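Fold and contact review
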Amino acid sequence: MKLVIVILSNKDLTQVLAAASAEGFFSTKISTAGQFLEGGHTTILFGVEEEKVDLLFDVVEKNVTKRVVRKTGVESTLEGSLLKKPVDVEEFGAVAFVVDVEQFKRL
């Protein structure tokens, strides 16, 4: 058994949950905050049999969108205007972590 933790944009959330559910994956959604994605993001927890992890990755990958967003340059104590210029940054559709589950019980 694996715990798959997926962090994705709120823009893709409904589509990913519907597609995952259609494939028989059950999940828990957690509202999260951070600097990972522009416009907000959500963390989804999936309990998955080891042999189905790749299938879950396929479902997620097909239902998220990579985006290019314009970000203002980094803050710095150095003088100069180049650091404040906006740049295009690719934003991945999702990030996933797989954690081994030593024990699982339904109570």
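Whatever comes next refers back to the structure up there.
Residues numbered from 1 in each chain as written. Predicted model: local features only at pLDDT ≥ 70, side-chain atom pairs only at ≥ 80, totals over all residues. Heavy atoms only, no water.

Another point: the nonpolar core. Ranked by internal contacts, the top residues of the largest apolar core, which has 16 residues, are V4, F25, F46, V48 and L56. Contributing elements (two or more residues each) for this core: β1 (2-9), α1 (13-22), β3 (41-48) and α2 (53-62). F46 has contacts with K2, L3, V4, V6, A20, F25, F26, S27 and L56, leaving out every residue within four places of it along the chain. (Core = buried A, V, L, I, M, F, W, Y, C linked by side-chain atoms within 4.5 Å. Buried < 20%, exposed > 50% of the residue type's maximum accessible area, 1.4 Å probe, protein only. Helix = DSSP H or I, 4+ residues; strand = E, 2+ residues; numbered from the N terminus. Contact = heavy atoms within 4.5 Å.)

Our focus in this paragraph is the sheet that holds β3. An order of β2-β3-β1-β6 is seen for the four strands of this open sheet, with the pairing classed as antiparallel. The sheet terminates laterally at β2 (27-32) and β6 (94-100), the two strands that pair on one side only. Between one strand and the next, the sheet's axes are offset by a mean angle of 20°, whatever the strand orientation. Direction of pairing for β2 relative to β3: antiparallel, over a ladder of six bridges. Pairing of S31 across the sheet is with T42, part of β3. Sheet contacts for α1: β1, β2 and β3; angle to β3, the most-contacted strand, approximately 10°. Sheet contacts for α2: β1, β3 and β6; angle to β1, the most-contacted strand, approximately 10°. (Pairing = 2+ DSSP bridges. Axes fitted to C-alpha atoms, helices over the stretch in contact; angles between N-to-C directions.)

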